[in-house]
Amino acid sequence: MGGALPFTGLRVLDLSWFAAGPVCAKVLADYGATVVRVESLARLDSLRVNNPIPEGYEGYNGSGYFNNFNSNKLSLQVDLGHPAGLDLARRLGRWAEVLVENFAPGVLHRWGLDYETLSRENPGIIVVSAPACGSEGPRREYRGFGFGIKAIAGLSWLTGNPSRKPVGPPGAFPDFVINAGQALVGVITALRARERTGRGCLIELAQYESTVCVTGPAIAAASLGVPRRGRMMNGSPWACPHGIYPVRGADRWLALTVTTDTEWAALGRVAFGEPWAADPSFATLLGRKRHEDDLERAIAAWTGRHEGEALAAALQEAGVPAHVANTNRDLLDDDPHLQARGYYRTLVHEELGPCRYDGAPFRLEGVAHGPFRAAPLLGGDTDTVLRDLLGIGEDEIEALHASGALQ
Amino acid sequence: MRPLEGLRVVEAPGRHGHYAGRLLAQLGAEVLLVEPPWGAAVRREPPLLATASARDRSLQHLHLNDGKRGVTLDPATADGRALLWRLLRTADACLLASSDGGMPPGWPGPDELTEMQRLLVVGALTPFGRTGPKARWRATDLVAQAAGGIAALTGFPDDPPARVGGEQGLHMGSIHLAGAVLAGLATRERTGRGIVCEVSLQESVAASVQPDIMFWDLRGEVRGRYGEESAALGVTVSRCLDGWVATYLVPWHWDGFVAWAAEDGLAEPFLDPRWQDPAFRQENKGQVDDALRAICARRTAEQAARDGQARRLFVFPVHGPEQLLRDPQLVTRGYFRAVRAPDGRQATLPGSPWRMNGEPPRPERGAPRLGQDNVGVWCEELGLARETLAALAGAGVV
């Protein structure tokens, strides 16, 4: 272990908030980048005061929601509404190689922190801008993040029970992987291109557009008039059974899918003795589809008598894809596989003590990646950033504190 | 010049990882999809066109393999294997994806690849990662969404857990696979050596439940499906005149919300000074949600979004693909990509996630027909004689 981290020394200025921007910058930090997260009490990231917060905790540093997206970063507290604060941000704009932001369109321009302005003095800078719908077009003024993006971009239309409201995926779903992940792909690509050209780049990732990208087959089908169902719960047009079934225990569930007749035969061996398992009319996909509802009910009755983990293991042993529907508790404490892989990291937070954090979303083998350090306290690294990264002297730092710019 | 121009990527026919190759192809990498002579599995998956050849009918293929070159090869044969190695020697990176922790038939594994070719960056996407007790477990998209924790949170508390539609588990794994390979290439720049980049589908899905993890860690709360009974203020999906509208309020939206309610004569109850207290709002969130539903019920989805957004509230229409295709925002930005469908008609695909200096990077070609680039790659680039290619084709190797 201990090979070269790909982004050691990379200077990242994180002016974003909520989730998509911070998560993108967090992965760069996991792989070695120095990430300065700019925060201010004048414009507090509301995630800092959002649940989950430990019972009885008061302050700005207790939110797991915030902390998980900002591990491994340095927090610089500075008020961009204060002239001296804005001046600091511009100095950071000259320092940075990558700037991540998700302000409403036009805000950065007003501050002179937009790509055009920054790249005059810092031609290598890569600016990632993630507006809700885009910097131009009739919806350019739209504000919002994953909660609304999942609806407008078609994911809610594709998700869940067709006889109920299209509530869609949970929470701000597109923020965490679809938009943060595709933003990251754009950033690393721009870094690679910079090696060749010496020039940076303005990357606009409109959250709306980025999320529509993952609905390709539905878009293509609609454009050609090919019939396609929207929400279809857990069913599949080309597999049966294909669902999530109850298992023993309160609100415990198991996903299992049978895509081939071979897998069906394997399921039958695990369910030996069940009348449906030996029924020849179910031997083919067509036969199973013809009696799909009956079959689903019979399988649910069978799974309901078993313990989920044991049944999943037996099905996997036989060659049938299956897994319990993990809860947040299962992921952290009860899935022996994730534990063996050490996906979640325990890091000691200055106020909350040891807490679990998501690890890096991918691994480079032989490279010991982060996160190495728990989320920073609000403004916890202000003096360090000013002194060590910007080379500002103690006297000036004191004057900045006195001026009210560092709030 | 497109940003990844000059990068050559060989992609094995793994169903779970195709979207990674598509992302790299959009950015200008030359992505060579290597399929068995009978075609990759994705070519047989719905939605299917009614009138095109059996190997080219799938709109999944049209989407997932857009922008790639396509060659055929059976690496389970000795000749095929030799040819595959010749191809891999020209590649910067190789994408491997598997649904059972193994490799596609005949393909060398990541360790063998990096051993034989020390400069190669290998991206390996498997259902549960390359290590750990479930490393050889199988997963489809649905099973991965269950294992990664998103299903337990999706849908209504009185329904079974639900997946996020459109194979989002596979899309998320593939997005991380693309990121992993690019990070691996950046590592190669520093070390001068190839590397194996590993992605677990389960962990990729788990990355989408990051906030929920902390509910267990910090508060000991097991999270379930909340349907539309979100704990947060003003999170609703409301029926409107022509569909559905999604709303979400954050603390600084309060005055805008009250002003909007006033427009419809619904503000009266919220003028009580007790509503100035955020805790009071939270305790009585049902009244706020009801008012939002009433406001939306009188408007079309578009009107509700326009009026709400004019007050800087997070209000969005719920779109299906037909609405997306004609949404002026996407149309005027030139977002969509026109490609030729296999039946000769023009099809529309989503465009790129990014604009770089104002331009969306786009691939130069659509999804390949089976074996479309066999002559170009095997003969013109790797120097195989045409007669040899014909003989290999006769023997079922290509």
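All values derive from a computational prediction rather than experimental measurement.

Residues and elements named next belong to chain A. Within the open sheet, the three strands sit side by side as β7-β8-β9. Their pairing is antiparallel. Whereas interior strands pair on both sides, the edge strands pair on one side only; in this sheet they are β7 (242-246) and β9 (322-324). The mean angle between the axes of side-by-side strands here comes to 20°, regardless of whether they run parallel or antiparallel. Here β7 pairs with strand β8 (residues 253-257) via five bridges, running antiparallel. Residue pairing in the sheet places Ile-244 in a bridge with Ala-255 of β8. Running at roughly 40° to β7, helix α14 (residues 292-303) makes contact with β7 and β8 of the sheet. On the sheet, helix α15 (residues 308-318) packs against β8 and β9 and is oriented at approximately 165° with respect to β9.

A few words on unusual backbone geometry. Residue A:Pro241 is reached from A:Cys240 by a cis peptide bond, and omega for that bond is -5°. Counting through the fold element by element, A:Pro241 comes out in the loop between α10 (216-224) and β7. Omega for the bond connecting A:Gly370 with A:Pro371 falls within 30 degrees of zero, at 5°, which places this linkage in the cis form. Tracing the backbone shows A:Pro371 in the loop between β12 (363-364) and α18 (382-389). Its identity is not glycine, yet B:Glu167 carries a phi of approximately 55°, on the positive side.

Let us look at the domain arrangement of chain A. The domain architecture assigned to chain A consists of domain 1 (11-214 + 344-403) and domain 2 (242-326). The C-alpha centroid of domain 2 of chain A is placed 43 Å from the C-alpha centroid of domain 1 of chain A.

Moving on, we get to the domain arrangement of chain B. Domain annotation of chain B identifies domain 1 (8-208 + 335-394) and domain 2 (236-324). Each of domain 1 of chain B and domain 2 of chain B has a C-alpha centre, and these two points are 42 Å apart.

Reading the values: the criteria
- Residues numbered from 1 in each chain as written.
- Chains lettered and ligands numbered in written order.
- Predicted model: local features only at pLDDT ≥ 70, side-chain atom pairs only at ≥ 80, totals over all residues.
- Pairing = 2+ DSSP bridges.
- Helix = DSSP H or I, 4+ residues; strand = E, 2+ residues; numbered from the N terminus.
- Axes fitted to C-alpha atoms, helices over the stretch in contact; angles between N-to-C directions.
- Contact = placed C-beta atoms within 7 Å.
- Domains from an automatic or database assignment.

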